[in-house]
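The residues making up each chain are set out below.
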Amino acid sequence: MHTFLYRTNSLLTFVASVLVVLCILASITDYFHRDSAVVAVDIVQVDRFQVSQAGNDEAFLAFNISADLRSVFTWNTKQLFVFLAVEYATPENAVNQVSVWDRIIERREDALIALPRVQNKYRLVDQGRNMRGRDLNLTMYWNAMPKSGRIYTGQKTLTGYRLPDTYS
Amino acid sequence: MDYEGQRLSEQIMQWLIIVAAVIGFLAGYITSSYRLMLEIYTGGMVLAFLLAVPDWPYFNWHKLSWLPEQPPSEDEAAASSSTLAVQKSKQGKRSSKGKR
């Protein structure tokens, strides 16, 4: 502590150590956060439902997505990655999960989502020809990426959707 | 900066930074703004730098009082000349080794 540079070095080292403690404390506060997310998704219309050239069932759907994820944001949240997955079971695969829509939300104000008609952003293709009359679940997932700490994943599963019995 | 000044400097630095961290954390959490926490903390760091790092007069309130300079006695003079002689002989050995 006897020269200018020694004192500067000592100050910066201490600042860095305390900053680590601050980050840890901030990430601990996230652990106690409980959100009250609201998610509602409808399949408005089946635009097309056909066998693709490769011989697999493919559906083109239009969704009505409305969600309020503002309560997921905390003071330590950097952004949300939100995606909608179509989930169903077939004789070939017990679990099928297809991501059909996603969005990155960087601000709390943008977490109020209202999309009256949005087509699937990514192709919904089965492995095989098992999608006719198939029951579907739609699950909205969100990864809350913090400024410091670990990523939290939340989800809301909506049930009771069904694909048509015939191609169109 | 004297010894008491060094102690004072370290205490000022650590206390300011800890207080800035506590205030910043509480303010950031209450206003739910991570940015505010970092701003308060950075402000505390700058303040601690300004108050604790330069050699301000208040770090020199406890000057060490050295003994007044004394003329060397005969024994000391003899001792210092003998150490000089030893250093000279060592240097001579080193230079002779270097030549080989």
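Residues numbered from 1 in each chain as written. Chains lettered and ligands numbered in written order. Predicted model: local features only at pLDDT ≥ 70, side-chain atom pairs only at ≥ 80, totals over all residues. Heavy atoms only, no water.

On to the overall build of chain B. Scanning chain B from N- to C-terminus turns up 3 helices and 0 strands. Counting across all 100 residues of chain B, residues that qualify as buried make up 20%. As presented, chain B carries roughly 7700 Å² of accessible surface, and 63% of it is formed by carbon and sulfur atoms. (Helix = DSSP H or I, 4+ residues; strand = E, 2+ residues; numbered from the N terminus. Buried < 20%, exposed > 50% of the residue type's maximum accessible area, 1.4 Å probe, protein only. Areas by Shrake-Rupley, 256 points an atom, 1.4 Å probe, with all protein chains shown as cover.)

Take the domain arrangement of chain A next. All names here are of chain A. With domains assigned, chain A is organised as domain 1 (1–32) and domain 2 (35–162). A straight line from the C-alpha centre of domain 1 to that of domain 2 covers 41 Å. With 6 residues of domain 1 at the interface, the matching set in domain 2 holds 7 residues. Counting the surface lost from both domain 1 and domain 2, the interface buries some 530 Å², and carbon and sulfur atoms represent 52% of this. Among the residues domain 1 hides against domain 2, the three largest losses belong to A26, S27 and D30. Together they make up 71% of the total. At the junction of domain 1 with domain 2, the criterion picks out 0 salt bridges. Our count for the contact surface shared by domain 1 and domain 2 stands at 4 residue pairs in polar contact (both at pLDDT 80 or more). In the side of domain 1 that touches domain 2, the residues fall into 3 nonpolar, 2 polar and 1 charged. (Domains from an automatic or database assignment. Contact = heavy atoms within 4.5 Å. Buried area = accessible area lost by both parts, 1.4 Å probe. Salt bridge = Lys/Arg side-chain N within 4 Å of Asp/Glu carboxyl O. Polar contact = N/O pair within 3.5 Å; in protein donor to acceptor, adjacent residues only side chain to side chain. Nonpolar A, V, L, I, M, F, W, Y, C, P; charged D, E, K, R; others polar.)

Turning to helix α1 (residues 3–30) of chain B, a few remarks are in order. A rise of 1.5 Å per residue sets the reference length of α1 of chain B, with its 28 residues, at 40 Å; its end C-alpha atoms lie 41 Å apart and thus fit the reference within 8%. Residues of α1 of chain B that are buried: G5, Q6, S9, M13, I17, A20, A21, G24, F25 and G28 of chain B. The inward-facing, buried residues of α1 of chain B abut α1 (4–31) of chain A together with α2 (34–52) of chain B. Sitting at the head of α1 of chain B, D2 of chain B places a side-chain oxygen 3.1 Å from the backbone nitrogen of E4 of chain B. Positive backbone phi, at 45 degrees, marks S32 of chain B, one or two positions downstream of α1 of chain B. (Expected span 1.5 Å × (residues − 1).)

All names here are of chain A. Counting through the fold element by element, T74 comes out in the loop between β2 (57–68) and β3 (77–88). Given a relative accessible area of 13%, T74 falls into the buried group. A polar atom in the side chain of T74 sits 2.7 Å from the side chain of D30. Once you skip the residues sitting within four places of it in the chain, T74 turns out to touch D30, H33 and R108.

A word on the nonpolar core. Grouped burial of nonpolar side chains is what soluble globular proteins tend to show. Residue and element names in this part refer to chain A. Among the nonpolar cores identified, the biggest contains 35 residues, and V41, F63, I65, L69, L84, W101 and M140 are the most heavily contacted of them. Sorting the residues of this core by element identifies β1 (38–51), β2, β3, β4 (96–105), β5 (112–119), β7 (135–146) and β8 (152–162) as the ones contributing at least two each. Excluding its chain neighbours within four sequence positions, the residues that come into contact with W101 are I65, V82, F83, L84, I113, L115, V118, K121, Y122 and M140. (Core = buried A, V, L, I, M, F, W, Y, C linked by side-chain atoms within 4.5 Å.)

Further remarks concern the interface of chain A and chain B. Chain A puts 22 residues into the contact, and the matching count from chain B is 25 residues. With both sides pooled, the region where chain A packs onto chain B buries about 2100 Å², and carbon together with sulfur makes up 80% of that total. The tally of links between chain A and chain B comes to 0 salt bridges. Summed over the shared surface of chain A and chain B, the result is 4 residue pairs in polar contact (both at pLDDT 80 or more).

Two side chains that carry opposite charge are able to pair once their charged atoms sit near each other. Residues and elements named next belong to chain B. Applying the stated criterion across every chain yields a total of 10 salt bridges over all chains. Measuring nitrogen to oxygen at the nearest pair gives 3.3 Å for the salt bridge that ties E4 to R7. Residue E4 and its partner R7 are both found in helix α1; the two are separated by 3 residues, about one turn of the helix. Its relative accessible area of 49% is what places R7 among the partly exposed residues.

A few words on the packing of α1 of chain B against α2 of chain B. Working note: a packed helix pair is described by the angle between its axes plus the distance between those axes. Residue and element names in this part refer to chain B. For the pair α1 and α2, interaxial distance at closest approach is 8 Å and the crossing angle is 165 degrees. Relative to α2, α1 is oriented roughly antiparallel. Of the two possible hands of crossing, α1 and α2 adopt the one that is right-handed. Contacts from S9, I12, M13, L16, I17, A20, A21, I23, G24, F25, A27 and G28 of α1 reach α2 at L36, M37, I40, Y41, G44, L47, A48, L51 and A52. (Axes fitted to C-alpha atoms, helices over the stretch in contact; angles between N-to-C directions. Parallel < 35°, antiparallel > 145°, perpendicular 65-115°, else oblique. Left-handed = near helix turned anticlockwise from the far one by under 90°.)

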